[in-house]
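Next come the chains, spelled out residue by residue.
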Amino acid sequence: MKSSVPKITIVADSAVPFLRGVLEPWADVRYLPGAAIGPDDVRDADALIVRTRTRCNEQLLGGSRVRLVATATIGFDHIDTAWCASRGIRVETAAGCNARGVLQWVAAALAWLARSRQWRPAEKTLGIVGVGHVGTLVKEYAEHWGFRVLCCDPPREAREHCGFLPLDTVAREADLLTFHVPLNASTRHLADDALLRMLKPDAVLLNSSRGEVVDGRALLASGLGCVLDVWEGEPAIDLDLLRRALLATPHIAGYSEQGKATATALAVRAVAALFGLPLDGWYPPTAAPSAPRRLSWPELCSTIGRAFDIEAQSRQLKTEPDGFERLRDEYAYRHEYF
């Protein structure tokens with residue numbers, strides 16, 4: 001049933017899935033490419049629904065009537081949260097929505113590395129940097145698969161005394177080092193030349209957090225093996241680093257159907273809560289439910305290629321590096337089967 005309140009105006013990234021038609025009974029929704037959203041587009045908007053390509057700061061929002069920025073992403077480094085708070089603009093994220101999608105990306109990378117380099121999980125130490133929604137899942141599954149797992153998360157360790165280790169300890173002992181941290185002043189170039197020198201010569205670095213967490217030039221100079229989903233300067237990525245990467249994907253680690261559905265649902269619910277729309281609890285009716293379960297290492301290795309052929313995705317990006325943004329926007333969302 002339609003609300004009797006006047007319609008609000010929403011500007012939305014046109015690549016946010018499952019969104020079209022949901023808010024239109026109560027809102028004038030304008031869909032634009034995320035990178036193209038500018039001050040004139042948002043001046044009379046009440047809310048924005050964005051992804052990482054829209055920089056939400058004073059330059060974009062100054063002088064507008066925007067009251068809410070809902071990002072259908074877990075990260076919010078594209079939003080000047082302090083400036084928004086000073087102007088009374090509410091910021092809502094989709095924290096945790098893509099955790100199982102990123103777990104699937106990590107699992108596909110590990111299975112490919114094990115097959116191509118002929119090792120078993122029990123022979124390897126996996127270092128996890130950042131033990132939030134994603135890192136916690138990676139830890140649970142990796143331990144189940146037989147890896148020795150070492151964790152580093154200084155903010156959580158300071159708050160909760162979890163027994164996590166210092167970063168240099170994890171770096172020195174890890175055969176595989178995977179990053180799952182937000183991007184902020186403390187984590188920008190966290191993997192710098194000094195840290196990379198601590199790694200074993202045959203170690204492999206995995207990054208599916210934010211490109212700027214790893215100093216790309218230092219990584220290239222280190223000669224270390226790497227598996228990368230995120231890159232500095234996206235979408236204009238370093239072609240030398242792309243060529244050197246063992247596996248390379250176009251920022252789609254969390255692109256599962258269920259993760260995207262949840263992210264859009266959280267954005268819709270944020271709009272509904274602030275503006276009194278009858279959409280509390282909404283979830284895309286066409287999205288399949290997630291089916292989380294604990295599968296064995298042999299089952300993972302025998303099934304992951306059908307669900308997510310990370311090697312084929314890597315070949316495509318290496319062949320079409322100029323198509324980074326198109327490959328990302330047109331990516332067929334994976335199903336979460338574990």
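Predicted model, so just to flag it, every value in this text is computed and none were measured. (Residues numbered from 1 in each chain as written. Predicted model: local features only at pLDDT ≥ 70, side-chain atom pairs only at ≥ 80, totals over all residues. Heavy atoms only, no water.)

Trainee: Where do I start with the side chain of arginine 328 in this structure?
Mentor: Position of arginine 328 among the secondary structure elements: in helix α14 (residues 324–329). There is no salt bridge for the buried arginine 328, and the closest opposite charge comes from glutamate 325, which lies 4.7 Å off by N-O distance. Within the structure, arginine 328 has its side chain in polar contact with the backbone oxygen of histidine 251 (distance 3.2 Å). One polar contact links arginine 328 to tyrosine 255, side chain to side chain, over a distance of 3.0 Å. Once residues lying within four places of it in the same chain are set aside, the contact partners of arginine 328 are Arg51, Thr52, Arg53, Pro250, His251, Ile252 and Tyr255. (Helix = DSSP H or I, 4+ residues; strand = E, 2+ residues; numbered from the N terminus. Buried < 20%, exposed > 50% of the residue type's maximum accessible area, 1.4 Å probe, protein only. Lys, Arg positive; Asp, Glu negative; His and termini not counted. Salt bridge = Lys/Arg side-chain N within 4 Å of Asp/Glu carboxyl O. Polar contact = N/O pair within 3.5 Å; in protein donor to acceptor, adjacent residues only side chain to side chain. Contact = heavy atoms within 4.5 Å.)

Trainee: Looking at this model, I keep getting lost on the sheet that holds strand β9 (residues 204–207). Mind explaining?
Mentor: In a beta sheet, neighbouring strands are held together by backbone hydrogen bonds and run either parallel or antiparallel to one another. Across the sheet, which stays open at both edges, the six strands sit in the order β7-β6-β8-β9-β10-β11 with parallel pairing between neighbours. Of all the strands in the sheet, the pair left with one neighbour each is β7 (148–152) and β11 (247–248). Strands in contact with helix α4 (residues 99–117) are β8 (176–179), β9, β10 (225–228) and β11; relative to β9, the strand with the most contacts, it is inclined by about 160°. With respect to the sheet, helix α5 (residues 133–145) is in contact with β6 (125–129) and β7, its orientation differing from that of β6 by roughly 170°. (Pairing = 2+ DSSP bridges. Axes fitted to C-alpha atoms, helices over the stretch in contact; angles between N-to-C directions.)

Trainee: Would you explain the pattern of salt bridges in this entry?
Mentor: Side chains bearing opposite charge may pair, as long as their charged atoms lie close to each other. Tallied over the full model, the rule gives 25 salt bridges. Between arginine 217 and aspartate 238 there is a salt bridge; the shortest N-O distance is 2.3 Å. Of the two residues, arginine 217 sits in helix α9 (residues 216–222) while aspartate 238 sits in the loop between β10 and α10 (239–244), which places them 21 residues apart along the sequence. Note that arginine 293 and glutamate 299 form a salt bridge whose closest N and O atoms lie 2.8 Å from each other. Beyond isolated ion pairs, a larger network of salt bridges with shared partners links Asp13, Arg51 and Asp329.

Trainee: Mind showing me how you'd approach the pairing of β7 here?
Mentor: Side-chain direction in a regular strand flips from residue to residue, so the side chains alternate between the two faces of the sheet. Among the five residues that make up β7, four are buried, leaving the element largely enclosed by the rest of the structure. Relative to β7, β6 is paired through five bridges, and the arrangement is parallel. The partner of threonine 125 across the bridge, within β7, is arginine 148. In this region the chain leaves β6, passes through α5 and returns to the parallel neighbour β7; the handedness of that crossover is right-handed. (Right-handed = clockwise from strand over helix to strand, strands pointing away.)

Trainee: Mind showing me how you'd approach the packing of aromatic side chains here?
Mentor: To describe a pair of aromatic rings, one takes the distance between the centres and the angle between the planes. Inspection of the entire model under this criterion finds nine aromatic pairs. Taken together, the ring pairs connect Trp119, Tyr141, Trp145, Phe147, Trp297, Tyr337 and Phe338 into an aromatic cluster. Taking the ring centre of tyrosine 31 as reference, the NZ or CZ of arginine 20 above it sits at 4.1 Å. Here arginine 294 stacks its cationic end above the ring of tyrosine 141, 5.2 Å away from the centre of that ring. (Phe/Tyr/Trp six-rings, centres within 6.5 Å; stacked < 30°, edge-to-face > 60°. Lys NZ or Arg CZ within 6 Å of the ring centre and 35° of its normal.)

Trainee: When you look at the sheet that holds strand β3 (residues 47–50) in this model, what are you seeing that I'm missing?
Mentor: With parallel pairing, the five strands of this open sheet are ordered in space as β2-β1-β3-β4-β5. Strand pairing shows two members of the sheet lacking a second neighbour, β2 (27–32) and β5 (90–92), which therefore form its edges. Geometrically, the sheet is characterised by an average inter-axis angle of 15° between neighbouring strands, direction not taken into account. Of the pairings in the sheet, the one linking strand β1 (residues 8–13) to β3 comprises three bridges and is parallel in character. Each residue of the ladder has a partner; that of valine 11, found in β3, is leucine 48. Here helix α11 (residues 257–275) sits on the sheet in contact with β1, β3, β4 (68–71) and β5, set at roughly 160° to β4.

Trainee: Looking at this structure, how should I read the nonpolar core?
Mentor: Nonpolar side chains in soluble globular proteins tend to end up buried together. Trp145, Phe147, Leu176, Leu300 and Phe338 are the most contacted members of the largest nonpolar core, which totals 44 residues. Only α4, β6, α5, β7, β9 and α12 (297–307) provide two or more residues apiece to this core. Here this core takes 13 residues from α4, the largest share from any one element. In contact with phenylalanine 338, not counting residues within four places along its chain, are Arg100, Leu103, Gln104, Ala107, Tyr141, Trp145, Ala291, Pro292, Arg293, Leu295, Leu300 and Ile304. Core analysis: the second largest hydrophobic core is formed by 34 residues, Leu183, Val213, Leu219 and Ala248 among them. (Core = buried A, V, L, I, M, F, W, Y, C linked by side-chain atoms within 4.5 Å.)

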